[in-house]
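So the chains spell out like this:
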Amino acid sequence: WYLPDVPLAKLRGIAMKITAPFTLAAVGDLTMRNPAGRLAEPAFMNLMKPLQNADVAFANMEGNLLDFDSFPEPTFEAAPIAALADIKAMGVDIMSTANNHSLGNGIPGMLETIQSLNRGGIVYAGTGRNLQEARAARFLNTPKGTVGLVSVYSVDPTSGPTPTYGAATYRVGNDGGRPGMNPLRVNVRYTVTAQQMESLRALRDSVHARPGEVFAPIPPVDPKEPTDRLELFGQRYRVGPKPGDMTWEMNQGDLREILRSIRNGKQSSDFMIVTIHCHQGNYAFQTYTYDNDTPDFLIEFAHQAIDAGADAFVGHGVHTIRGVEIYKGKPIFYGVNSFIYQYMSATPQNPGGPQTETELEMSEGA
């Protein structure tokens with residue numbers, strides 16, 4: 001196989017360079033709020049063995065890692081700094097930090113998380129002081145070779161953070177360079193029937209029929225607009241047989257630059273991992289982040305990532321298991337679910353106040 005836009009002489013540079021037996025262990029979200037990684041319970045210890053025995057063990061850092069005693073602001077959905085020792089005890093040595101909780105405690109929380117991982121000797125990718133840093137590959141040296149990691153968060157207007165908040169920007173000279181995570185912006189198009197499209201178009205046309213009432217009206221409808229597609233009130237629609245189906249389109253600028261990061265990272269590594277935190281699904285009627293079907297753009301992105309040099313692709317974000325694919329001899333895990341999920345707080349908000357999430361769950365199960 002070959003890449004049309006890459007000279008054949010350069011393809012050797014994106015081939016996997018580790019020839020000895022090599023083990024990658026990858027898990028999804030570590031949503032840690034309390035110590036969890038050093039339990040002596042036999043079943044838990046057996047669960048940790050694949051991570052501890054692997055040549056490289058990957059996980060997603062879901063939330064910030066903070067020193068609560070010195071952090072200058074109230075913390076939100078963060079792991080205490082003591083969790084660093086637990087993560088190390090599990091065997092994790094390389095992590096993604098690009099997700100919807102990257103800036104749960106603002107830019108200071110994101111930067112302290114980076115510092116904490118650096119002090120603990122855990123390689124991270126996906127966040128930084130600007131988009132150059134957040135988008136760049138990071139590297140872990142192992143006895144069998146150098147492992148690279150590029151980490152991405154797929155963002156759409158319906159998920160948090162918004163496509164602008166939380167996304168890093170490029171530094172250009174002395175201008176710009178907002179800290180944040182590495183975004184792959186995506187936009188959804190909802191499927192409706194032909195009859196429903198006629199109703200939507202009639203509604204849209206009635207809105208566009210009033211341009212004379214305002215000083216600066218929006219542009220008129222393109223006379224060449226396809227009959228099977230429509231934009232209305234910030235949403236995009238297409239005609240199809242199954243109303244509620246969703247299709248996605250990637251921001252081509254983000255995609256181009258992420259693929260460049262993968263190619264560049266592969267030049268400096270022997271084994272390249274690409275990972276994405278992805279909440280998008282296929283159905284408008286599916287509960288958010290519980291869709292175990294793989295969205296169309298995720299398949300396209302995974303294939304292009306491997307074409308660019310990735311040796312393994314790991315998806316996480318949804319709280320379900322998604323499919324596995326072998327593409328050109330390389331493994332793709334579209335969704336590996338959560339690994340540790342300690343999301344609920346056990347601390348009362350105020351004496352006699354509303355029940356905590358833990359209390360509510362216990363009362364529901366009673």
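The structure under discussion appears in the preceding block.
Residues numbered from 1 in each chain as written. Predicted model: local features only at pLDDT ≥ 70, side-chain atom pairs only at ≥ 80, totals over all residues. Heavy atoms only, no water.

### A look at the sheet that holds strand β1 (residues 24–31)
Line of reasoning, step 1. Strand order across the open sheet formed by five strands is β6-β5-β2-β1-β21, with parallel pairing between neighbours. Taken across any chain shown, the strands that pair with only one partner, and hence form the sheet edges, are β6 (123–125) and β21 (338–341). Pairs of neighbouring strands in the sheet enclose a mean axial angle of 25°, with direction left out of account.
Line of reasoning, step 2. Where β1 and β21 come together, three bridges link them in parallel fashion. Counterpart to T31 in the pairing with β21 is Y341. (Pairing = 2+ DSSP bridges. Helix = DSSP H or I, 4+ residues; strand = E, 2+ residues; numbered from the N terminus. Axes fitted to C-alpha atoms, helices over the stretch in contact; angles between N-to-C directions.)

### Topic: the environment of N34
Line of reasoning, step 1. Here N34 is to be found in the loop between β1 and α1 (42–53).
Line of reasoning, step 2. Taking the C-alpha atoms as reference, N34 lies 8.5 Å from A82; in sequence the two are 48 residues apart.

### Digging into the packing of aromatic side chains
Line of reasoning, step 1. If you walk through the whole model with that rule in mind, you get five aromatic pairs.
Line of reasoning, step 2. Ring centres of F22 and F271 lie 4.9 Å apart, and the angle between their planes is 40°; on these two criteria the pair is classed as tilted. Note that F22 is positioned in the segment before β1 and F271 in strand β17 (residues 271–278), a separation of 249 residues in sequence.
Line of reasoning, step 3. Relative accessible area serves as the criterion here: at 7%, F271 is assigned to the buried category.
Line of reasoning, step 4. Ring plane angle 75° and centroid distance 5.6 Å describe the contact between F301 and F313, whose orientation is recorded as edge-to-face. Residue F301 is located in helix α7 (residues 296–307), and its partner F313 is located in strand β18 (residues 312–317); the two are separated by twelve residues in the primary sequence. In terms of burial, F301 and F313 fall into one category: buried. (Phe/Tyr/Trp six-rings, centres within 6.5 Å; stacked < 30°, edge-to-face > 60°. Buried < 20%, exposed > 50% of the residue type's maximum accessible area, 1.4 Å probe, protein only.)

### Observations concerning the pattern of salt bridges
Line of reasoning, step 1. According to the stated counting rule, one finds 14 salt bridges in the structure shown.
Line of reasoning, step 2. With its nearest N and O atoms 3.0 Å apart, the salt bridge here joins D205 to R204.
Line of reasoning, step 3. Across the salt bridge formed by D307 and K328, the nearest N and O atoms sit 2.8 Å from each other. Linking D307 in helix α7 with K328 in the loop between β19 (324–327) and β20 (330–333), this pair joins segments that are 21 residues apart in sequence. (Salt bridge = Lys/Arg side-chain N within 4 Å of Asp/Glu carboxyl O.)

### What to know about the nonpolar core
Line of reasoning, step 1. L184, I262, I276, F297, F301 and F313 are the most contacted members of the largest nonpolar core, which totals 36 residues.
Line of reasoning, step 2. Of all elements in the fold, only β9 (145–155), β13 (183–192), α5 (194–208), β14 (229–232), β16 (246–250), α6 (252–267), β17 and α7 reach the threshold of two or more residues within this core.
Line of reasoning, step 3. In terms of residues, this core owes the most to one element, α7, which gives six residues.
Line of reasoning, step 4. If you look at the next biggest cluster of nonpolar residues, it comprises 27 residues, including A36, L51, M95 and L103. (Core = buried A, V, L, I, M, F, W, Y, C linked by side-chain atoms within 4.5 Å.)

### Examining the side chain of E62
Line of reasoning, step 1. Tracing the backbone shows E62 in the loop between β2 (56–61) and β3 (64–66).
Line of reasoning, step 2. For the buried E62, no salt bridge exists, and the shortest N-O distance to an oppositely charged side chain is 7.1 Å, to R33.
Line of reasoning, step 3. Separated by 2.9 Å, the side chains of E62 and N60 make a polar contact.
Line of reasoning, step 4. Once residues within four sequence positions are removed from consideration, E62 is found in contact with D29, L30, T31, R33, N99, N100, H101 and H277. (Lys, Arg positive; Asp, Glu negative; His and termini not counted. Polar contact = N/O pair within 3.5 Å; in protein donor to acceptor, adjacent residues only side chain to side chain. Contact = heavy atoms within 4.5 Å.)

### A few points about α5
Line of reasoning, step 1. The end-to-end C-alpha distance of α5 is 21 Å, a good match for the 21 Å that 15 residues give at a rise of 1.5 Å each.
Line of reasoning, step 2. Residues M197, L200, R201 and R204 constitute the buried set of α5. Looking straight down α5, one finds that the buried residues subtend no more than 105° of arc, so they occupy a single side. Within α5, the exposed residues directed more than 90 degrees away from the buried face are Q195 and E198.
Line of reasoning, step 3. Among the structural elements, β13, β14 and β15 (235–239) are those in contact with the buried residues of α5. (Expected span 1.5 Å × (residues − 1). Arc of directions from axis to C-beta.)

### Notes on unusual backbone geometry
Line of reasoning, step 1. Here T289, not a glycine, exhibits a phi torsion of approximately 70°, which is positive.
Line of reasoning, step 2. Along the chain, T289 turns up in the loop between β17 and α7.
Line of reasoning, step 3. The backbone of K328 sits at a positive phi, close to 55°, despite the residue not being glycine.

By themselves these figures say nothing about function.
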